[in-house]
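This is what each chain is made of:
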Amino acid sequence: MEEEKKEIDFEIGMKQNQELKLEEEPQQQQKQVGDEHVLRFLDSVDNYLTLFESLSCTLRQGWLELVSARHSMGASRVNSSLLDLKVHSASTSLQVTPDIVDSMEEQPHFILRKWGSLYDGKCSYEDQNSKVDGLQGKSGSPLPRHRGKPQLSEEISPKQAPLMVDDQVQKKRSRSLSVFGTLVSPQLRAAQLSFETALETLVEIANMRSTMLSTFNGVHKELGVAKEIR
Amino acid sequence: MYGFEALTFNIHGGYLEAIVRGHRSGLFTAADYNNLCQCETLDDIKMHLSATEYGPYLQNEPSPLHTTTIVEKCTLKLVDEYKHMLCQATEPLSTFLEYCRYGHMIDNVVLIVTGTLHERDVQELLEKCHPLGMFDSIASLAVAQNMRELYRLVLVDTPLAPYFSECITSEDLDDMNIEIMRNTLYKAYLEDFNRFCQKLGGATAEIMSDLLAFEADRRAVNITINSIGTELTRDDRKKLYSNFGLLYPYGHEELAVCEDLDQVRGVMEKYPPYQSIFSRLSYGESQLLDKAFYEEEVKRLCLAFEQQFHYAVFFAYIRLREQEIRNLMWISECVAQNQKSRVHDSVVFIF
């Protein structure tokens, strides 16, 4: 009798443990998902701060190279009064397209297009695919908006494409510097590259900020759910 | 006749040579530059400069100062000194002093023409012109559409008129043509200046031929490096080199076909005076080349003061003062941008 009682108690205990485990599994899964959001949030914060520092270094370098160019070429050749005021298409444009993430949020998708002004009907772009949540909280139709002329398709072979794009980009770079003269010093070209890199970093910062805000929202939601469970 | 200037030079040039040697003693020393390099703000720089000859020019400038203001006011000092010497000079020194400012006139002409091409306001462009290069009809440059009009309407009555014979075309002014015009004018100016100095003879001819040859060679190197990767053809590049100097003519032949900095180095290292300059640079490095050339120029300009009774001291003083202003510009920018670790990258000590 006693042995039967012990067996029954053991079985009851086992069943209770199984029931407890079944109740704890979704909570553990939820905790894992919450940890994942927190880790993603912390990663995005770290990347955001790293990008800011990188931007600061790049801009400092660019400004010093510009001063070095003024020192080399002379103040009369490198000054703001030589900048071209004639109407011309923008060499860089930012395109916004909608992007749906996890069927939860609709985030704008920003694409930076450098040296995008048309030249004989063809253009060369260097896309910077990036996800930005800069319009979080704003409603409205996410229409593409970009300055400069739209991209046209190119019918060229895949091998020739990178070389032609590089040549065209180099030509556009030289043309934009021609406001200071066609024979400019290497320091001025280096300054141009530095500011170009800084622009790319700015877009990356915007992307990282949106990721950061998105993951923060996820963490916030998880905290809210956890409070409800308790 | 070389060697007999001591008998007659001081009659007309003695006073001004004394004046220019006095100005030379006011140039900054290494100790002055070290003090300036330790400044934390532009107001600190202004405070240090107030104890120098630049003091009266900066004392009324309100804070916050801008680096362009410092450069502008320091340049005014040079202009005042130059004008005083010019009005006291007799021939041929007055012509020699006029030659010293033709380079700035060329820069101003190109600035006005380029700015007008870019639809900038003429008054704004005139404010950016170098004061040493101003002339009466400079504002009229804005109406010209091509080089022929430029010459006919404005420049025919200026000292630059003889230099236009090689670049008069009816082509419209665009960025490439303006660049070619700039370098062609400067080439003609240097050659004319060299001929004038040779005609003067004596110590002036000897010292100025060395200084102008160095200037011509440096321009050839800069044109070569700056034209790498551009649309300028080899023939057009060669046409921009002056027809004198240590590199003329064989060095120019080799420089015309250079496609990168290392090839330029290979050409220049064949000439002993320039071997020392390029030996300080590592391969592929171009940033320190300007500083190396400025240091060599300063060395040669300082040597001009070792002899008396010649006009090269005036040219040397103007160039040394311009170098000092460049140093002040660099130091001010490094302080303003909080990049004092880079301040010694481009400062060239004179003494």
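All figures in this text were calculated on a predicted structure; none of them were measured in a lab.

## Digging into the overall build of chain B
In terms of regular secondary structure, chain B is built from 16 helices and zero strands. By the compact-globule yardstick of 20 Å for 351 residues, chain B fits well, its C-alpha radius of gyration being 21 Å. In terms of its C-alpha atoms, chain B occupies a principal-axis envelope of roughly 55 × 50 × 45 Å. When burial is assessed residue by residue, chain B has 55% of its 351 residues classed as buried. Accessible area for chain B stands at about 15,200 Å²; split by element, carbon and sulfur atoms hold 51% of it. For chain B, the centre of its 32 positive side-chain charges and the centre of its 52 negative side-chain charges are spaced 2 Å apart.

## A few points about the overall build of chain A
Assigned secondary structure in chain A consists of three helices and three strands. Taken from the N to the C terminus, the helices and strands of chain A come in the order α-β-β-β-α-α. Across the 230 residues in chain A, those meeting the buried criterion constitute 33%. Taking the contacts inside chain A whose residues are at least 6 apart along the sequence as the reference set, 68% of them involve residues at least 24 apart.

## Re the packing of helix α9 (residues 175–200) of chain B against helix α10 (residues 202–227) of chain B
All names here are of chain B. At a minimum axis distance of 8 Å, the contact between α9 and α10 shows a crossing angle of 165°. Considering the angle they form, α9 stands roughly antiparallel to α10. By crossing handedness, the relation of α9 to α10 is classed as left-handed. Of the residues in α10, those touching α9 at N183, Y186, L190, F193, N194, C197, Q198 and L200 are G202, T204, A205, M208, S209, L212, E215, A216, R219 and I223. Classifying every residue of the contact of α9 with α10 by side-chain character gives ten nonpolar, six polar and two charged.

## Things to note about unusual backbone geometry
Residues and elements named next belong to chain B. With an omega of 0°, the peptide bond running from S63 to P64 counts as cis. Among the secondary structure elements, P64 is positioned in the loop between α4 (55–58) and α5 (67–88). That bond from Y248 to P249 is cis: its omega, -5°, falls within 30 degrees of zero. Assignment of secondary structure puts P249 in the loop between α11 (234–239) and α12 (250–256). Positive phi outside glycine occurs at E119, with the angle close to 60°. One non-glycine residue, N338, adopts positive backbone phi at about 60°. By the secondary structure assignment, N338 is in the segment after α16 (312–336). Accessibility expressed as a relative area gives 57% for N338, which makes it exposed.

## Describing the interface of chain A and chain B
It is common to report an interface's size as the accessible area lost on association of the parts. Listed per partner, the contact involves 29 residues of chain A and 38 residues of chain B. Carbon and sulfur atoms supply 55% of the area buried between chain A and chain B, which totals about 3,100 Å² over both sides. Its largest share of buried area at the contact with chain B, chain A owes to L64, H71 and L183 of chain A, together 26% of the area lost on that side. Where chain A meets chain B, there are one salt bridge. Between the two partners, chain A and chain B, sit 13 residue pairs in polar contact (both at pLDDT 80 or more). Put simply, the parts of the chain that give the side of chain A that touches chain B at least two residues each are α1 (2–73) and α3 (186–229) of chain A. The element best represented in the side of chain A that touches chain B is α1 of chain A, accounting for eight residues. Residue composition of the side of chain A that touches chain B, grouped by class: eleven nonpolar, twelve polar and six charged.

## Topic: the confidence of the model for chain B
Detailed conclusions should not be drawn from predicted coordinates in areas where pLDDT is low. Across chain B, the average pLDDT comes to 91, with 97% of residues at or above 70. Across the interface, the model reports ipTM at 0.91; the global pTM reads 0.84.

## Examining a negative patch on the surface
A contiguous patch of negative charge, built from E2, E3, E4, E7 and E11 of chain A, is present on the exposed surface. Positionally, E4 of chain A belongs in helix α1.

## Re the packing of helix α6 (residues 93–117) of chain B against α9 of chain B
Residues and elements named next belong to chain B. At a minimum axis separation of 10 Å, α6 and α9 run at an interaxial angle of 175°. Classified by the angle between their axes, α6 and α9 sit roughly antiparallel to one another. Facing T95, F96, Y99, C100, Y102, G103, I106, D107, V110, V113, T114 and L117 of α6, the residues of α9 in contact are D175, I178, M181, R182, L185, Y186, Y189, D192, F193, F196, C197 and L200. Its residues placed into classes, the contact of α6 with α9 shows 17 nonpolar, three polar and four charged.

## What to know about the state of the cysteines
All names here are of chain B. Counted under the stated rule, the structure contains zero disulfides over all chains. Left unpaired, C74 is separated from the closest cysteine sulfur, that of C39, by 13 Å. In this structure C74 comes out as buried when scored by relative accessible area, which is 1%. C197 takes part in no disulfide bond, and the closest cysteine sulfur, belonging to C100, lies 8.1 Å away.

## Concerning the packing of aromatic side chains
Residues and elements named next belong to chain B. Taken as a whole, this structure holds 25 aromatic pairs over all chains when the rule is applied. With a centroid separation of 6.2 Å and 35° between ring planes, the pair formed by Y151 and F164 is classed as tilted. With Y151 in helix α8 (residues 147–154) and F164 in the loop between α8 and α9, this pair connects stretches of sequence that are 13 residues apart. A cation sits over an aromatic face here: K77 above Y54, 5.7 Å from the ring centre.

Calculation rules
Residues numbered from 1 in each chain as written. Chains lettered and ligands numbered in written order. Predicted model: local features only at pLDDT ≥ 70, side-chain atom pairs only at ≥ 80, totals over all residues. Heavy atoms only, no water. Helix = DSSP H or I, 4+ residues; strand = E, 2+ residues; numbered from the N terminus. Rg over C-alpha atoms; globule rule 2.2 N^0.38 Å. Buried < 20%, exposed > 50% of the residue type's maximum accessible area, 1.4 Å probe, protein only. Areas by Shrake-Rupley, 256 points an atom, 1.4 Å probe, with all protein chains shown as cover. Lys, Arg positive; Asp, Glu negative; His and termini not counted. Charge placed at Lys NZ, Arg CZ, Asp CG, Glu CD. Contact = heavy atoms within 4.5 Å. Axes fitted to C-alpha atoms, helices over the stretch in contact; angles between N-to-C directions. Parallel < 35°, antiparallel > 145°, perpendicular 65-115°, else oblique. Left-handed = near helix turned anticlockwise from the far one by under 90°. Nonpolar A, V, L, I, M, F, W, Y, C, P; charged D, E, K, R; others polar. Buried area = accessible area lost by both parts, 1.4 Å probe. Salt bridge = Lys/Arg side-chain N within 4 Å of Asp/Glu carboxyl O. Polar contact = N/O pair within 3.5 Å; in protein donor to acceptor, adjacent residues only side chain to side chain. pLDDT = per-residue confidence, 0-100. Patch = residues over 30% accessible without salt bridge, like charges linked within 9 Å, V, L, I, M, F, W, Y side chains within 5 Å. Disulfide = S-S within 2.5 Å. Phe/Tyr/Trp six-rings, centres within 6.5 Å; stacked < 30°, edge-to-face > 60°. Lys NZ or Arg CZ within 6 Å of the ring centre and 35° of its normal.

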